[in-house]
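# Analysis of the macromolecular model
Here is how the chains run, residue by residue.
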Amino acid sequence: MVVKFCNNGVDGSLHESFVPFANALFGTKHGNFTQYSCIEGTSYYLLDYTKGIKNAGGVTQYQVEATSPCQVIKLAGFLDADTLVYPDHLERLQATCQDINFDNKALLPMISTKYTVNQGDLQLTWKDFEGGRHGSTRPQGDSTLVDLMQQLTIELGYELHESVASM
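On a predicted model such as this, the values are computed, not experimentally measured, just so you know.

Here is what the cut-offs are and how they apply
Residues numbered from 1 in each chain as written. Predicted model: local features only at pLDDT ≥ 70, side-chain atom pairs only at ≥ 80, totals over all residues. Heavy atoms only, no water. Helix = DSSP H or I, 4+ residues; strand = E, 2+ residues; numbered from the N terminus. Polar contact = N/O pair within 3.5 Å; in protein donor to acceptor, adjacent residues only side chain to side chain. Contact = heavy atoms within 4.5 Å. Expected span 1.5 Å × (residues − 1). Buried < 20%, exposed > 50% of the residue type's maximum accessible area, 1.4 Å probe, protein only. Phe/Tyr/Trp six-rings, centres within 6.5 Å; stacked < 30°, edge-to-face > 60°.

### So, the side chain of His134
Note that His134 resides in the loop between strand E1 (123-125) and helix H6 (144-155). A polar contact is formed between the side chain of His134 and the side chain of Asp11, at a distance of 2.6 Å. Other than its neighbours up to four places away in sequence, His134 contacts Val10, Asp11, Ser37, Ile39 and Asp128.

In structure tokens form, the structure reads like this:
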């Protein structure tokens, strides 16, 4: 998100199209997103959005990079006649997601090679999210954001590594 929504890189300001959107969704919790550095604003947005989705009733959590299309179809209830939105698709979806076809790409996690335009543009570590860095107005070394992001990382089933993201 930092690559997409920061003017002039990680030390820049939040993009003017992002601020009203973030304020509309989470402004009552965080005040005006214009008060944040770009890395803080995108992080608070990501934290609150992910926690909101995670806490929504009936939402199944999975790691997208390790989940096949057929697993997503099953988690969404599309292989069950009682929960399928379009019953006419049941037979086709069941046939697509059968285990008998070993070359079936729908049974393998998707690996995107198409959208790599920002690949290598940004490397972040946990220290980048501390106060006093990249335009942050929080006190130098404040780890509030680091703690929140590490907690969410663990809740989502990921291991903590020194390098947070490489984009």
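That shown, we press on.
### Concerning helix H2 (residues 18-30)
Think of an α-helix as 3.6 residues a turn; residues three or four steps apart then line up on the same face. Over its 13 residues, H2 extends only 14 Å from the first C-alpha to the last, a length that falls short of the 18 Å expected when each residue adds 1.5 Å. Regarding H2, the residues found buried are Phe18, Val19, Ala22, Phe26, Gly27 and His30. Buried residues along H2 sit against helix H1 (2-5) and helix H3 (38-55). Residue Gly31 follows H2 closely and has a positive phi angle near 75 degrees.

### Notes on H3
With 18 residues, H3 extends 26 Å between its outermost C-alpha atoms, agreeing within 8% with the 26 Å of an ideal straight helix rising 1.5 Å per residue. Looking at the buried positions of H3, the neighbouring elements they touch are H1, H2, E1 and H6.

### Some details on the packing of aromatic side chains
Going through the model one piece at a time under the given rule, you end up with 8 aromatic pairs. Ring geometry for Tyr45 versus Tyr49: centroids 5.8 Å apart, planes at 15 degrees, classification stacked. Taken as a pair, Tyr45 and Tyr49 lie in helix H3 at a separation of 4 residues, close to a single helical turn. Residue Tyr49 is classed as partly exposed on the basis of its relative accessible area, which comes to 41%. Seen in terms of ring centroids, Trp126 and Phe129 are 6.3 Å apart; in terms of plane orientation they differ by 50 degrees. Their pairing is tilted. Each member of the pair, Trp126 as well as Phe129, is classed as buried.

Coordinates in, geometry out; function isn't part of it.
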